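# What the coordinates show
As a plain string of letters, each chain reads:
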Amino acid sequence: MITRCYLEITNICNLDCLFCPKTERKLGKLTAEQYDAILKKISGEVKFLYFHLMGEPLLHPLLPEFIEKARGKGFIPILTTNGTLLEKAEPIIDALPHKVQISLHSHEGNGKENPEKYMHDVMTFSKKAAEKGIIIVLRLWNQGGYDSGNEEILRLAAEYIPQPWTKRYDGWKLAENVYLEYDNMFEWPDGEKEEHREEEVFCYALRNQIGILVDGTVVPCCLDSAGNIPLGNIFTNTLSEILSSPRAVAMFNGFSRHKAVEPLCRRCGYAAVTKRFRKE
């Protein structure tokens with residue numbers, strides 16, 4: 001079973017983050033029929049369904065319905081958002097996703113003013129959602145990058161959930177079901193960048209994660225934002241057929257030998273900068 005499927009219900013976004021690679025793919029949103037077809041195809045094959053890849057999922061008018069359907073079909077739904085549209089996101093709370101991950105670093109990455117309004121919406125939503133049992137992860141994935149506003153973000157968060165907070169290995173537990181998480185800023189894989197010529201490379205792509213783009217293209221992970229490694233299309237193939245394709249098998253076996261067979265994987269800043277997947 002694939003643990004995580006990153007499903008792009010839309011590749012349209014309302015921001016222009018400096019750290020984001022953007023997309024040159026045709027913009028679109030999944031229809032209800034397309035979404036139902038995807039759930040049918042991956043049912044029993046995927047555990048966690050992440051509404052995340054490119055785009056801002058809260059721009060999709062059917063997101064609450066999509067979350068409820070995912071839960072009803074046995075998936076564990078997780079939402080990732082930039083947090084700018086949470087003021088009117090009460091239906092998301094009612095849909096009861098398992099977790100909502102809010103990328104606080106997107107605010108500074110856009111040079112936005114009025115962090116007070118932004119954090120008011122984020123923290124008000126977070127407290128309401130946490131009371132319903134939804135896990136909230138506030139992300140500051142900008143260490144070593146656009147992080148000059150982090151202290152202000154923390155100060156504003158403390159106005160809604162006063163300190164002391166509980167220290168964790170990756171940040172803080174602010175309250176029951178509310179966490180703040182730090183991580184390094186990283187460069188997205190880019191076919192034009194120089195390869196990271198590591199002797200050993202390992203990744204969990206195709207072992208415990210896949211991505212599905214808005215047009216149905218299946219990619220090995222959530223960082224293949226441009227669809228550079230298309231493995232098949234979920235609308236025309238079964239997931240089993242896609243994962244057993246020659247290209248997918250070559251990738252899987254390559255990582256088993258600690259080798260990246262795809263050029264894009266040899267240019268992956270996520271693994272290279274953080275050393276997350278290196279096997280010692």
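Use the structure listed above.
### Here we look at the nonpolar core
By size, the foremost hydrophobic cluster in this structure holds 81 residues, and its most contacted members are Ile42, Leu49, Phe51, Ile102, Phe125 and Leu138. Of all the elements, helix H5 (residues 115-131) adds the most residues to this core, at seven residues. Ignoring any residue separated from it by four or fewer positions in sequence, one finds Ile102 in contact with Thr81, Asn82, Gly83, Leu86, Tyr118, Val122, Phe125, Ser126, Ile136, Val137, Leu138 and Arg139.

### Considerations on the pairing of strand S4 (residues 99-103)
Most of S4 is tucked away: five of the five residues are buried. Burial along S4 is two-sided: the face carrying Lys99, Gln101 and Ser103 and the face carrying Val100 and Ile102 are both buried. Note that strand S3 (residues 76-81) and S4 share four bridges and pair parallel. Considered in S4, the bridge of Thr81 is made with Ile102. Tracing the backbone out of S3, into helix H3 (residues 90-95) and back to the parallel element S4 gives a crossover that is right-handed. When S4 meets strand S5 (residues 135-143), the two strands line up parallel, connected through five bridges.

### Observations concerning the pairing of strand S8 (residues 178-184)
In the sheet, S5 pairs with S8 via six bridges, with the strands oriented parallel. For Leu138, the partnering residue across the bridge sits in S8 and is Leu180. Taken together, the four bridges between strand S7 (residues 171-175) and S8 define a ladder with antiparallel strand orientation. Bridged to Trp172 within S8 is Leu180.

### Structural notes on the pattern of salt bridges
Using the criterion set out here, one finds 13 salt bridges in the structure. Of the charged contacts in the structure, one is a salt bridge between Glu65 and Lys69, with a shortest N-O distance of 3.3 Å. You can see Glu65 and its partner Lys69 sitting in helix H2 (residues 63-72), four residues apart, about one turn around the helix. Beyond isolated ion pairs, a larger network of salt bridges with shared partners links Asp36, Glu65 and Lys69.

### With respect to the packing of H5 against helix H6 (residues 150-160)
One can describe the packing of H5 onto H6 by two numbers: an axis separation of 9 Å at closest approach and a directional angle of 45°. In terms of orientation, H5 and H6 fall into the oblique class. The two elements H5 and H6 meet at a crossing, and its hand is right-handed. Residues Pro115, Glu116, Met119, His120, Met123, Thr124 and Lys127 of H5 form the contact with H6, whose own contacting residues are Glu152, Ile153, Leu156, Ala157 and Tyr160. For the contact of H5 with H6, the class distribution of residues is seven nonpolar, two polar and three charged.

### Comments concerning the packing of helix H1 (residues 32-42) against H2
A packed helix pair is summarised by two numbers, namely the angle formed by the two axes and the spacing between the axes. The contact between H1 and H2 brings their axes to 11 Å, and the two run at 20°. Relative to H2, the element H1 is oriented roughly parallel. H1 and H2 meet at a crossing whose hand is right-handed. Every residue of H2 that contacts H1 at Ala32, Tyr35, Asp36 and Leu39 is listed here: Phe66, Ile67, Lys69 and Ala70. When its residues are assigned to classes, the contact of H1 with H2 shows six nonpolar, no polar and two charged.

### So, the sheet that holds strand S1 (residues 2-7)
Spatial strand order, S6-S7-S8-S5-S4-S3-S2-S1-S9-S10-S11: 11 strands in an open sheet with mixed pairing. In this open sheet, the two strands that pair with only one neighbour each are strand S6 (166-168) and strand S11 (232-233). Two elements, S1 and strand S2 (residues 46-51), share five bridges in a ladder whose sense is parallel. Across the sheet, Cys5 pairs through a bridge with Leu49, a residue of S2. In the packing of H2 onto the sheet, contacts are made with S2 and S3, and the angle to S2 comes to roughly 175°. Sitting on the sheet, H5 touches S4, S5, S7 and S8, and the angle it makes with S5 is about 145°.

Conventions we followed
Residues numbered from 1 in each chain as written. Predicted model: local features only at pLDDT ≥ 70, side-chain atom pairs only at ≥ 80, totals over all residues. Heavy atoms only, no water. Core = buried A, V, L, I, M, F, W, Y, C linked by side-chain atoms within 4.5 Å. Buried < 20%, exposed > 50% of the residue type's maximum accessible area, 1.4 Å probe, protein only. Helix = DSSP H or I, 4+ residues; strand = E, 2+ residues; numbered from the N terminus. Contact = heavy atoms within 4.5 Å. Pairing = 2+ DSSP bridges. Right-handed = clockwise from strand over helix to strand, strands pointing away. Salt bridge = Lys/Arg side-chain N within 4 Å of Asp/Glu carboxyl O. Axes fitted to C-alpha atoms, helices over the stretch in contact; angles between N-to-C directions. Parallel < 35°, antiparallel > 145°, perpendicular 65-115°, else oblique. Left-handed = near helix turned anticlockwise from the far one by under 90°. Nonpolar A, V, L, I, M, F, W, Y, C, P; charged D, E, K, R; others polar.

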